[in-house]
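Residues per chain are reported as follows:
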Amino acid sequence: MKSFTNEPNELILGYEAVRDAGKNWELYSSDLQGDRDVRDYPQLPLEVDPPAHTAYRHAIQSLFLRPKLEELKPKFEQLASELLGKLAGKGEVDVYHAIALPYVVGCLTLIYNRPQDLEEWISWGPDVWTAESPTRSGKTLHGYLARVFEEAPADDVWGFIRSTRPLGEPLTEAEFKGYASVLLAGGRDTVIKLISGLVWHLLNKPEDLAALREDPALDAQSSMSYCGF
């Protein structure tokens with residue numbers, strides 16, 4: 001693990017500069033574990049540098065390739081229709097609990113082939129680190145991960161990850177947690193807030209809502225952002 005300094009550096013501004021900095025991992029390293037208050041392992045592949053980063057990323061990237069998500073599109077749409085259908089005839093609706101949270105978590109169960117985890121994952125709320133209380137804790141997530149790490153291999157996300165050999169050897173439990181915490185914690189709260197924020201925007205900008213009703217194709221460019229991926 002590299003050592004880091006708190007000394008201020010020059011600002012990195014603009015697309016080209018940010019892209020170049022992202023490629024210069026020797027100077028701008030990712031080899032630093034975050035969230036030290038809730039975990040004692042690096043998230044993979046985010047918190048390692050090449051060549052390990054490349055190996056870890058390639059091992060699981062097939063989970064999120066566009067053709068696979070395209071195959072799941074009808075199921076994503078069906079889930080959305082079911083959730084929206086439950087709102088028919090109701091007055092005020094809590095968008096977070098009625099739509100955003102169950103939709104995002106439901107999509108994850110489809111992508112990861114873990115339908116049995118739907119209710120448990122929903123019970124965590126938008127942020128797995130505050131699943132038990134407003135105080136950050138890794139207890140809930142790590143209890144779940146320890147349990148699924150011991151499960152017999154199955155045709156689901158955890159069986160797939162357990163079968164990978166990014167560095168040539170079977171994954172350790174820490175490496176498994178490094179992958180799994182990204183898959184369960186990363187993107188979850190952001191997409192939930194995105195959906196809630198979208199509804200808030202349309203309620204406050206009736207002209208945008210009217211435009212979508214008149215031409216639903218306006219949303220076509222964002223249709224590939226299934227569940228935030």
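Everything numeric in this text was worked out from a predicted model, so none of it was measured. (Residues numbered from 1 in each chain as written. Predicted model: local features only at pLDDT ≥ 70, side-chain atom pairs only at ≥ 80, totals over all residues. Heavy atoms only, no water.)

Enquirer: Describe in detail the overall build of the chain, supporting the description with residues and values.
Expert: When helices and strands are counted, the chain shows ten helices and zero strands. Its C-alpha atoms give the chain principal-axis dimensions of about 55 × 50 × 40 Å. In the chain, which comprises 229 residues, the share counted as buried stands at 34%. Sequence-distant contacts, at least 24 apart, represent 62% of the contacts inside the chain between residues at least 6 apart. Of the accessible surface of the chain, which amounts to about 13900 Å², a share of 56% is contributed by carbon and sulfur atoms. Averaging the locations of the 23 positively and 35 negatively charged side chains of the chain gives two centres separated by 2 Å. (Helix = DSSP H or I, 4+ residues; strand = E, 2+ residues; numbered from the N terminus. Buried < 20%, exposed > 50% of the residue type's maximum accessible area, 1.4 Å probe, protein only. Contact = heavy atoms within 4.5 Å. Areas by Shrake-Rupley, 256 points an atom, 1.4 Å probe, with all protein chains shown as cover. Lys, Arg positive; Asp, Glu negative; His and termini not counted. Charge placed at Lys NZ, Arg CZ, Asp CG, Glu CD.)

Enquirer: Which residues make up unusual backbone geometry, and what values go with them?
Expert: Going from Leu44 to Pro45, the amide bond is cis rather than trans, its omega being 0°. Along the polypeptide, Pro45 turns up in the loop between helix H1 (15-23) and helix H2 (52-60). Between Pro50 and the following residue, Pro51, the backbone shows a cis peptide bond with an omega angle of 5°. Of note in this structure, Asp35 is not a glycine but carries a positive phi near 50°. Position of Asp35 among the secondary structure elements: in the loop between H1 and H2. Here Asp35 falls in the partly exposed class, since its relative accessible area comes to 28%. Positive phi, normally seen in glycine, also occurs at Asn113, with a value near 55°. By secondary structure assignment, the location of Asn113 is in the loop between helix H4 (95-112) and helix H5 (118-123).

Enquirer: I'd love a proper account of the packing of helix H6 (residues 139-149) against helix H8 (residues 173-185), names of residues and values included.
Expert: For the pair H6 and H8, the least separation of the axes is 10 Å and the interaxial angle reads 120°. On the basis of the axis angle, H6 is oblique to H8. Along this stretch, H6 crosses H8, giving a crossing that reads as right-handed. Of the residues in H8, those in contact with Leu141, Tyr144, Leu145, Ala146, Val148 and Phe149 of H6 are Glu173, Phe176, Lys177, Ala180, Ser181 and Leu184. Of the residues belonging to the contact of H6 with H8, the class tally is nine nonpolar, one polar and two charged. (Axes fitted to C-alpha atoms, helices over the stretch in contact; angles between N-to-C directions. Parallel < 35°, antiparallel > 145°, perpendicular 65-115°, else oblique. Left-handed = near helix turned anticlockwise from the far one by under 90°. Nonpolar A, V, L, I, M, F, W, Y, C, P; charged D, E, K, R; others polar.)

Enquirer: How would you summarise H8 if you had to cite specific residues and measurements?
Expert: Between its first and last C-alpha atoms H8 spans 17 Å; for 13 residues at 1.5 Å apiece the expected length is 18 Å, and the two agree. Across the 13 residues that make up H8, a large majority, eleven, are buried. Those residues of H8 not exposed but buried are Glu175, Phe176, Lys177, Gly178, Tyr179, Ala180, Ser181, Val182, Leu183, Leu184 and Ala185. The elements touched by buried residues of H8 are H2, H4, H5, H6, helix H7 (157-163) and helix H9 (188-204). One or two residues past the end of H8 sits Gly187, with phi positive at roughly 85°. (Expected span 1.5 Å × (residues − 1).)

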